[in-house]
Amino acid sequence: MDPSDIATSSRYLALGDSYTIGEGVPAPGTWPYQLAAALRAQGINLDDPQVIATTGWTTDELATAIDEAAPQGPFALVSLLIGVNNQYRGRPLAEYRQQFEQLLQRAIALAGEHPGHVLVLSTPDWGFTPYAQAHDRDAAQVAREIDDFNAAASACCGDYNVAFVDITPTSREDGANPEMLVEDGLHPSALMYRRWMEQALPVAVQLLQTPADG
């Protein structure tokens, strides 16, 4: 891959689940769209994202969807946020770790084999939401499992020199605040997505201002 290919690209690919597609939120309010707009406001040329994400997807389902969509790189930026549905369904941590690594490898390939153009966000904690309370979910157990999944993802990112942004504490701060949720009492509102975007923005700026072969 010629480094100039990604250096001249303005395309952005966002991979994930409901937290990337933005269940219950118009596209401009989702964190990937807000991120692209914020980067443009800082003079960084980046298109609105091509999104491969659907509510409910687990790691293996996202992998299948990438196969079907067959996105063509290189992308200037690839983001990945996946794992909550593995945790929600009680899928094994070891399985998540293996499948997340495979997805991360694919994300790097789609970024022109440049890990410095991949951005991973941690899985938020939904255990404090009204939805979780209404369904008698143990918030402490959800938190422990989310932490375990995030630790696995963070370690994998470290192995591949990929940026990892921990938005989980932010998701916990106002997890029960109605303004931070859509009507289902589970998924984030555009206001919460803005908080995530604000955490990801300086990292994305640094990534996109670093030469692809740097």
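Our subject is the structure listed above.
Residues numbered from 1 in each chain as written. Predicted model: local features only at pLDDT ≥ 70, side-chain atom pairs only at ≥ 80, totals over all residues. Heavy atoms only, no water.

1. Considerations on the sheet that holds strand S4 (residues 118–121)
Turning to step 1, where the next piece is worked out: Taken together, five strands build an open sheet; the order of strands is S2-S1-S3-S4-S5 and the sheet is parallel. With one partner strand each, in any of the chains shown, strand S2 (50–53) and strand S5 (163–165) form the two edges of the open sheet. Taking each pair of neighbouring strands and ignoring which way they run, the sheet shows an average axis angle of 20°.
Turning to step 2, where the next piece is worked out: Judged from the three bridges that link them, S4 and S5 form a sheet pairing that is parallel. Paired with Val-120 across the bridge in S5 is Phe-164. (Pairing = 2+ DSSP bridges. Helix = DSSP H or I, 4+ residues; strand = E, 2+ residues; numbered from the N terminus. Axes fitted to C-alpha atoms, helices over the stretch in contact; angles between N-to-C directions.)

2. Concerning unusual backbone geometry
Turning to step 1, where the next piece is worked out: Of the consecutive residues Gly-73 and Pro-74, the connecting peptide bond is found in the cis state with omega at 5°.
Turning to step 2, where the next piece is worked out: Considering the arrangement of structural elements, one finds Pro-74 in the loop between helix H4 (59–69) and strand S3 (77–81).
Turning to step 3, where the next piece is worked out: The phi angle at Ala-70 is positive, at roughly 50°, despite the residue not being glycine.
Turning to step 4, where the next piece is worked out: Structurally, the position occupied by Ala-70 is in the loop between H4 and S3.
Turning to step 5, where the next piece is worked out: Residue Ala-70 is classed as partly exposed on the basis of its relative accessible area, which comes to 38%. (Buried < 20%, exposed > 50% of the residue type's maximum accessible area, 1.4 Å probe, protein only.)

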